[in-house]
Amino acid sequence: MRSGTVTEEQGRLNNYAIEPKMYVMEEQQTGFTAYAEKLNGRLAMLGFISLLVLEAVTGHGLIGLLSSLQ
């Protein structure tokens, strides 16, 4: 019998998901971690591309668009 499977009396096979093992990190990761830096970089790239698209669609940059809202 494999892990995560159960055979009933009539020979039918039930498959169950194997749950991942839980773990707790001993030390908290705050500050300049690799994950935080990757996330910040990706969000900065999305913001920069969004500003380029905004300028291409409206013909104004961000400051020009914000000053024309008054």
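Residues numbered from 1 in each chain as written. Predicted model: local features only at pLDDT ≥ 70, side-chain atom pairs only at ≥ 80, totals over all residues. Heavy atoms only, no water.

Quick notes on the overall build of the protein
Phase 1 of the analysis: For the protein, the count of helices and strands is two helices and two strands.
Phase 2 of the analysis: Counting helices and strands in the order they occur from the N terminus, the protein gives β-β-α-α.
Phase 3 of the analysis: What you see for the protein is a C-alpha radius of gyration of 26 Å, clearly larger than the 11 Å of a compact globule of 70 residues, by over 25%.
Phase 4 of the analysis: Along the three orthogonal principal directions, the C-alpha set of the protein runs to about 75 × 35 × 20 Å.
Phase 5 of the analysis: Scored against the burial criterion, the 70 residues of the protein give a buried share of 3%. (Helix = DSSP H or I, 4+ residues; strand = E, 2+ residues; numbered from the N terminus. Rg over C-alpha atoms; globule rule 2.2 N^0.38 Å. Buried < 20%, exposed > 50% of the residue type's maximum accessible area, 1.4 Å probe, protein only.)

Quick look at the UniProt feature "transmembrane region" (unreviewed entry) in the protein
Phase 1 of the analysis: The positions UniProt marks with the feature "transmembrane region" (unreviewed entry) are residues 43-66.
Phase 2 of the analysis: Secondary structure over residues 43-66 splits into 88% helix and 0% strand, and the C-alpha atoms at its two ends are 21 Å apart. (UniProt positions renumbered as here; feature names shortened; annotations may be inferred.)

Some words on helix α1 (residues 34-58)
Phase 1 of the analysis: Between its terminal C-alpha atoms α1 stretches 36 Å, which fits the 36 Å expected from 25 residues at 1.5 Å a residue.
Phase 2 of the analysis: Backbone geometry just downstream of α1 places glycine 59 in the positive-phi region, at approximately 85 degrees. (Expected span 1.5 Å × (residues − 1).)

Here's the deal with the confidence of the model for the protein
Phase 1 of the analysis: Across the protein, pLDDT averages 83, with 94% of residues at or above 70.
Phase 2 of the analysis: When pLDDT is averaged over each helix and strand of the protein, the minimum, 73, is found for strand β1 (residues 5-7) and the maximum, 93, for α1. (pLDDT = per-residue confidence, 0-100.)

Looking at the side chain of threonine 33
Phase 1 of the analysis: Residue placement: threonine 33 occurs in the loop between β2 (13-15) and α1.
Phase 2 of the analysis: A distance of 3.2 Å separates a polar atom in the side chain of threonine 33 from the backbone nitrogen of alanine 36. (Polar contact = N/O pair within 3.5 Å; in protein donor to acceptor, adjacent residues only side chain to side chain.)

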